[in-house]
Amino acid sequence: MFRQVIVRASFALLGSAVLATAALAQSFPSKMLNVVVPYPAGGASDFVARLIQPEYQKQLGQQLLVENIGGVAGALGVQRVLSAPADGHTQVLATPMELVLAPLALSAVKFKPEDVRLAGLIANTSVLLLVPPSSPAKNLDEFVALAKGKELTLGNVGVGSMYHLMAEKFAQQAGVKFVHVPYKGGAPLMNDIAGGSIDAAFFPLAGPVPGMVKEGKVRALGIAAAKPHPLFPAVPSISAHTTFPGFDYDLWIGVQVPKATPDAVIDRINTALNAVLQNADVRKGLEGTGITVAVPLKRADLDRLYASEIERYRNMAKRINLTPQ
C-alpha cells in the first residue's frame, strides 16, 4: 500500500513537472529578452546581434536587449547566460571560440561546452590574415620571410581563441614564432591592426572588416578557405600555398541557451531565428560583409551539429598541444 502511494505521488510530481514545462513553453517569451554578446560593442559578433535585433524581437513579440559582456576570451558572457534561469529569456550569441575553446584553454573557465545547447544557427564566415597597411609584407611569402627575420606580434581575442589556434598552426607550418597579444574584443584589435600597433591577426570576414579592407585601412594577405571569397577574389587561399596545405578554417555563429532549457522553448527560438534569416534586409546585411547565411536546421540537427563541432575543436586544440593556463 505504502509503495503504491509513493508510485502515485511520483507520477503526480512528474505530471506536474511536464505541465509546468509545457506552460512555460507556451508562454515564452513572457518578458523582455536579453541576448548577450560576449565581447565589447563594435566587433563582428556585436554587428550580427544588432543587425538581427529588430526582426528577432518582432518574431518573438518581445523587446530584446543586446548586452555586451567582454572578458576571459568571451567566457564571461557565456557564464552570464548559464547563471540565468534556463527559460530562454537570456541567450548568448556565440561561436565555438567562447563555447568550446575557452574552457579548453583557460583554467579559470569552469563551464563545459555541453552546458549549453545550440538553439539556432545564424551564419558561417571565413577568416582572413590581416596586416596593417604600413606592413612591408604584401603577400604570404613576404609575411613568412618577415616572420623568420623577427618575432611578429599577432593579436587575438584571448588564449585559446580560434585566432590564437590558427596562428599557432600557421607558425608550426611556416617554422616561425609569434608573440601573441590578447584583446578583450575585436573592435580594439582591429583598431590596433589599422594603426600598426601589432603586426598581424587572423580575423573573420564579417562586420566592419570588408569595408576596412576595401578602404585600405588593413591589408588581407590570405583567406583560410579552400578558395578565394567572391567579395575579395584577389585575396589568395592560404591552403593553396605549398607551405600551408589544409589551412581551411571557417567559423559559425549562433544563439545558445542553458542545456536545461525546455525543448519547446528552443523550438520557438529556432523558428524565430529561421524566420529572421529569411528577411531580405537581414540577409543583405549579413551577405554584404562576406558572411554566408546558415541553412535552417531543426533542433535534433542542431544537437548533432553542436556535438560534432565540440569534437572538432577539441581535436584542433590537441593538435597544437593546447593546455589550460
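So, how was this worked out
- Residues numbered from 1 in each chain as written.
- Predicted model: local features only at pLDDT ≥ 70, side-chain atom pairs only at ≥ 80, totals over all residues.
- Heavy atoms only, no water.
- Helix = DSSP H or I, 4+ residues; strand = E, 2+ residues; numbered from the N terminus.
- Buried < 20%, exposed > 50% of the residue type's maximum accessible area, 1.4 Å probe, protein only.
- Lys, Arg positive; Asp, Glu negative; His and termini not counted.
- Salt bridge = Lys/Arg side-chain N within 4 Å of Asp/Glu carboxyl O.
- Polar contact = N/O pair within 3.5 Å; in protein donor to acceptor, adjacent residues only side chain to side chain.
- Contact = heavy atoms within 4.5 Å.
- Phe/Tyr/Trp six-rings, centres within 6.5 Å; stacked < 30°, edge-to-face > 60°.
- 1 Å grid on protein atoms, 1.4 Å probe; cavity = no way out; pocket = protein on both sides within 12 Å on 5 of 7 lines; lining within 4 Å.
- Points joined across faces, edges and corners; volume = space filled by probe spheres on them.
- Nonpolar A, V, L, I, M, F, W, Y, C, P; charged D, E, K, R; others polar.
- Core = buried A, V, L, I, M, F, W, Y, C linked by side-chain atoms within 4.5 Å.
- Arc of directions from axis to C-beta.

A.B. asks: A description of the side chain of E98 should follow, citing residues and the corresponding values.
C.D. replies: Here E98 lies in helix 4 (residues 96-105). Of the side chains bearing the opposite charge, R312 lies closest to the buried E98, which forms no salt bridge; the N-O distance is 13 Å. A polar side-chain atom of E98 sits 2.5 Å from a polar atom in the side chain of Y39. Separated by 2.6 Å, the side chain of E98 and the backbone nitrogen of T95 make a polar contact. Those residues in contact with E98, other than ones at most four positions away along the chain, are P38, Y39, A73, G74, V78, P103 and F111.

A.B. asks: Help me get a handle on the packing of aromatic side chains, residues and values and all.
C.D. replies: Inspection of every chain in the model, using the stated rule, returns eleven aromatic pairs. Seen in terms of ring centroids, F143 and F170 are 5.9 Å apart; in terms of plane orientation they differ by 65°. Their pairing is edge-to-face. Taken as a pair, F143 in helix 5 (residues 140-149) and F170 in helix 6 (residues 162-174) lie far apart in primary sequence, 27 residues in all. Taken as a pair, F143 and F170 share a single burial class, namely buried.

A.B. asks: Any chance you could break down the layout of surface pockets for me, citing the residues and the numbers?
C.D. replies: Where empty space is left can be seen by rolling a probe of water-molecule size over the atoms. By volume, the largest pocket amounts to about 190 Å³. If you trace the largest pocket, you find 14 residues lining it, with T125, S126, A225, D250 and T292 closest to the centre. A per-class count over the lining of the largest pocket returns six nonpolar, six polar and two charged.

A.B. asks: If you had to explain empty space enclosed by the protein to someone new, which residues and values would you point to?
C.D. replies: With the rule as written, the count across this model stands at three cavities of 30 Å³ or more. The volume enclosed by the largest cavity comes to roughly 220 Å³. Elements with a minimum of two residues in the lining of the largest cavity: helix 2 (44-60), strand 4 (116-131), strand 7 (200-204) and strand 9 (250-258). The element that contributes the greatest number of residues to the lining of the largest cavity is helix 2, accounting for four residues. Here the residues of the lining of the largest cavity sort into 14 nonpolar, six polar and one charged. As for the second largest cavity, its lining consists of L165, M166, K169, Y249, M316, R319 and I320. Listed by contribution, the elements that provide at least two residues to the lining of the second largest cavity are helix 6 and helix 11 (299-319). Looking at which element gives the most residues to the lining of the second largest cavity, the answer is helix 6, with three residues. The residue makeup of the lining of the second largest cavity, split by class, is five nonpolar, no polar and two charged.

A.B. asks: Just give me the short version of the nonpolar core, but keep the residues and values in it.
C.D. replies: Counting 80 residues, the largest nonpolar core has L130, F143, F170, F178 and F202 as its most contacted members. Those residues in contact with F170, other than ones at most four positions away along the chain, are L129, L140, F143, V144, F178, F202, I238, F244 and F247. Counting 31 residues, the second largest nonpolar core, distinct from the first, contains V35, L60, V66 and L273.

A.B. asks: Can you explain the pattern of salt bridges? Please cite residues and give values.
C.D. replies: For the structure on display, the rule yields 13 salt bridges. Residue D263 pairs with R117 through a salt bridge whose shortest N-O separation is 2.7 Å. Of the two residues, D263 sits in helix 9 (residues 263-276) while R117 sits in strand 4, which places them 146 residues apart along the sequence. Using a relative accessible area of 35% as the deciding quantity, one classes D263 as partly exposed.

A.B. asks: Describe helix 5, with residues and values.
C.D. replies: Within the span of helix 5, buried status applies to L140, F143, V144 and A147. The buried residues of helix 5 occupy one face: seen down the axis, they fall within an arc of 95°. Those residues of helix 5 that are exposed and aimed more than 90 degrees away from the buried face are D141 and G149. Here helix 5 starts with a cap whose side-chain oxygen sits 3.2 Å from the backbone nitrogen of D141, and that cap is N139.

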